[in-house]
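Okay, here's what each chain looks like letter by letter:
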Amino acid sequence: MTFVDILLVLLRGAGYTLLVTLCCSATGLVVGLGIAIARELGGSRLAWLLSAIVYVLRGIPMLVLLFLVFFGLPGIGIDVSPLPAMMLSLGLIAGAYLSEVFRGALSAVNANEVLAAQSMGFTRFQTLRLIKLPQMLRFAVPGMVNELTTVLKFSPFAYTVGIAEITKQAMALVATTMRGIEIYAAIGLLYFAIYRLLLFGVRLIEKHYNVPGFAQE
Amino acid sequence: MQRRKFLATFALGIALAAVTGCGGQTEQAASKVIEVAVTPASPPNLFEENGKTQGLDFDLFDGYCKARGCTMNITAYDWQGMLGAVVSKKADVAFSGISITEPRQKVMDFSKPYMDNSWNLVSMKDRNIKLDNLDTLKNYSIGFPRGMAYMDFIKTELEPKGIYNVDQVKLYPSYNEALTDLQNGQVDMVFLDGTVASVYRKKLPIQDSYVWEGIDRLGFAFPKGSELRADFDKYLDELGPEKRQAIIDKWMK
């Protein structure tokens, strides 16, 4: 079995790794954006509640939450499939982290622009939608990429709930061939390739929405 | 309206990803489908070759399914996921060389033991270490992966009798690292169970230095109160010890 053969076996799991990463990232973006917007528009009680949720989600270990969702919820009659279980654990945790990234990016929006919008008679929602969010999302790109790569590297937890991703293929292969070092090196290469692929995608989106002279200092 | 378009596309993209890519798994609607949880990293009991699940445990359960006309829906988990799947009733049965232990019996039901597993202390052939009794054991270092039952065994059986000291043990993340260290001469002996040893013996120049028999028994794990378990036990009786031994020998030799 050559190094290329090893890579080919591991590639069978790459689709699942990518699927888990994209689904959990999408969940994270929706949740993170939702929390960030609700914090802006909601009252202080809602903000307090959301802060408490983010606090818990950032503190809970990924594996613990995954076990609670996948193996714990059936105990109270809610059966969760593997992929939704990943989205409800890894996705939610990513959402909590991203909401903080968005909070930081929102505070980077020039206060004078907000003031100008208010003096023009914009409602709070209009100010958020037309002034704050478009700038915030651009400011948040580096932080978002950071969080998305973290999601990629947490995707092996999907094997715990029975998704046959790269790590599963690797462990099955190590058990029969005993060539751990080569196989783990191959995993490293594959994850790096996926990371480059995701980065490439983000760069494309970033370039497409680039405003000349904005947020480039 | 560049900005508006940006937002709209962004939101649409997320929604599409969430809806199209991330739907739940399709349900398999057939009668007599048995949900099976395995860990395909346990040769010869259960492993994958060219993407095909096989092994000693698989053959036994495959025999049961052929006799009873059921089909297996196999899902591969890691070790703790496999045990979790049985406890939470996500799976109807789990097998991958699972030892019957007291803590496990509290949360799941086991079939009758289908094979005995030995515990082997192995060393490199060229060191030629053979122990007739355990008097000289403390002169050697022993290694094994963290979280294995060997630790309890040394603590409760060997240490009180002054045979071996827990402090002398070297712990590793998995068998892989332990055996690499063994080949490099950093550790004298490694604890393997009999099934694992039978596989590694084919790949590495190792030999048994000492073997304990009759400590460890393997069983098929079922959720608490499983009806499948009783029927599977019945099948094991129908199969009889000779045919069962033939399947074991096929994979162990």
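Worth saying up front: this structure is predicted, and the values here are computed from it rather than measured.

Trainee: Residue-level account of the overall build of chain A, with values.
Mentor: When helices and strands are tallied, chain A shows nine helices and zero strands. The principal-axis extent of the C-alpha atoms belonging to chain A is close to 70 × 50 × 20 Å. Counting over 217 residues, chain A shows a buried share of 41%. Considering only residue pairs separated by 6 or more positions, chain A has 80% of its internal contacts joining residues 24 or more positions apart.

Trainee: Before we move on, could you go through the packing of helix α7 (residues 141–154) of chain A against helix α9 (residues 180–208) of chain A and cite the residues and values that matter?
Mentor: Residue and element names in this part refer to chain A. In the contact formed by α7 and α9, the axes pass within 11 Å of each other and the chain directions differ by 150°. Judged on the interaxial angle alone, α9 and α7 are roughly antiparallel. The crossing of α7 and α9 is right-handed. Residues Val 141, Val 145, Leu 148, Thr 149 and Leu 152 of α7 touch α9, and the partners they reach there are Tyr 191, Ile 194, Tyr 195, Leu 198, Leu 199, Val 202 and Glu 206. Classifying every residue of the contact of α7 with α9 by side-chain character gives 10 nonpolar, one polar and one charged.

Trainee: Summarise the confidence of the model for chain A; cite the residues concerned and give the values.
Mentor: Scored by pLDDT, chain A comes out at a mean of 93, with 99% of its residues at no less than 70. The lowest-confidence element of chain A is helix α8 (residues 166–177) of chain A, averaging 89 in pLDDT; the highest-confidence one is helix α4 (residues 82–107) of chain A, averaging 97.

Trainee: I'd like to hear about the sheet that holds strand β4 (residues 52–54) of chain B, residue by residue, with values.
Mentor: Within a sheet, each strand pairs with its neighbour through backbone hydrogen bonds, oriented either parallel or antiparallel. Judged by pairing direction, the sheet is antiparallel, and its three strands sit side by side in the order β2-β3-β4 (chain B) without closing on themselves. Lying at the two open borders of the sheet, with one neighbouring strand each, are β2 (41–42) and β4 of chain B.

Trainee: Describe the nonpolar core, naming the residues involved and giving the relevant values.
Mentor: Counting residues in each nonpolar core, the largest one holds 94 residues, and the members touching the most others are Met 86 and Phe 102 of chain A together with Ala 37, Val 86, Ala 94, Phe 95 and Ala 221 of chain B. Those residues in contact with Ala 221 of chain B, other than ones at most four positions away along the chain, are Val 86, Val 93, Ala 94, Phe 95, Ile 98, Met 108 and Phe 110 of chain B.

Trainee: Tell me about helix α2 (residues 56–68) of chain B, residues and numbers included.
Mentor: All names here are of chain B. Compared with an ideal rise of 1.5 Å per residue, which puts 13 residues at 18 Å, α2 spans 19 Å between its outermost C-alpha atoms and is within 8% of the ideal. Of the positions making up α2, those classed as buried are Leu 56, Asp 57, Phe 58, Leu 60, Phe 61 and Tyr 64. Residues of α2 that are buried make contact with β3 (46–49), β4, β5 (71–76), β6 (93–99) and α8 (227–252). Phi turns positive, to about 70°, at Gly 69, one or two residues after α2.

Trainee: Lay out the interface of chain B and chain A with the relevant residues and their values.
Mentor: Every contact between the two is made by 32 residues of chain B and, on the other side, 35 residues of chain A. Breaking the side of chain B that touches chain A down by element, the ones donating at least two residues are α1 (2–21), β2, β3, β5 and α3 (79–87) of chain B. Residue classes in the side of chain B that touches chain A are distributed as 14 nonpolar, 11 polar and seven charged.

Trainee: Provide a residue-level description of the domain arrangement of chain B, including the pertinent values.
Mentor: Residue and element names in this part refer to chain B. What the domain assignment reports for chain B is domain 1 (29–116 + 217–252) and domain 2 (118–215). Using C-alpha coordinates to define each centre, domain 1 is positioned 27 Å away from domain 2. With eight residues of domain 1 at the contact, the number on the domain 2 side is five residues. Its residues placed into classes, the side of domain 1 that touches domain 2 shows three nonpolar, four polar and one charged.

Trainee: Got a sec to walk through the pairing of strand β12 (residues 206–223) of chain B? Specific residues and values, please.
Mentor: Residue and element names in this part refer to chain B. Bridge analysis of β6 against β12 gives three bridges, and the strand direction is antiparallel. Residue pairing in the sheet places Ile 98 in a bridge with Gly 219 of β12. Here three bridges tie strand β7 (residues 108–110) to β12, and the two strands are oriented antiparallel to one another. For Met 108, the partnering residue across the bridge sits in β12 and is Pro 223. Here strand β8 (residues 115–124) pairs with β12 via nine bridges, running antiparallel. Paired with Asp 116 across the strands is Arg 217, a residue of β12.

Thresholds applied
Residues numbered from 1 in each chain as written. Chains lettered and ligands numbered in written order. Predicted model: local features only at pLDDT ≥ 70, side-chain atom pairs only at ≥ 80, totals over all residues. Helix = DSSP H or I, 4+ residues; strand = E, 2+ residues; numbered from the N terminus. Buried ≥ 20, exposed ≤ 12 C-beta atoms within 10 Å, placed from the backbone. Contact = placed C-beta atoms within 7 Å. Axes fitted to C-alpha atoms, helices over the stretch in contact; angles between N-to-C directions. Parallel < 35°, antiparallel > 145°, perpendicular 65-115°, else oblique. Left-handed = near helix turned anticlockwise from the far one by under 90°. Nonpolar A, V, L, I, M, F, W, Y, C, P; charged D, E, K, R; others polar. pLDDT = per-residue confidence, 0-100. Pairing = 2+ DSSP bridges. Core = buried A, V, L, I, M, F, W, Y, C linked by C-beta atoms within 7 Å. Expected span 1.5 Å × (residues − 1). Domains from an automatic or database assignment.

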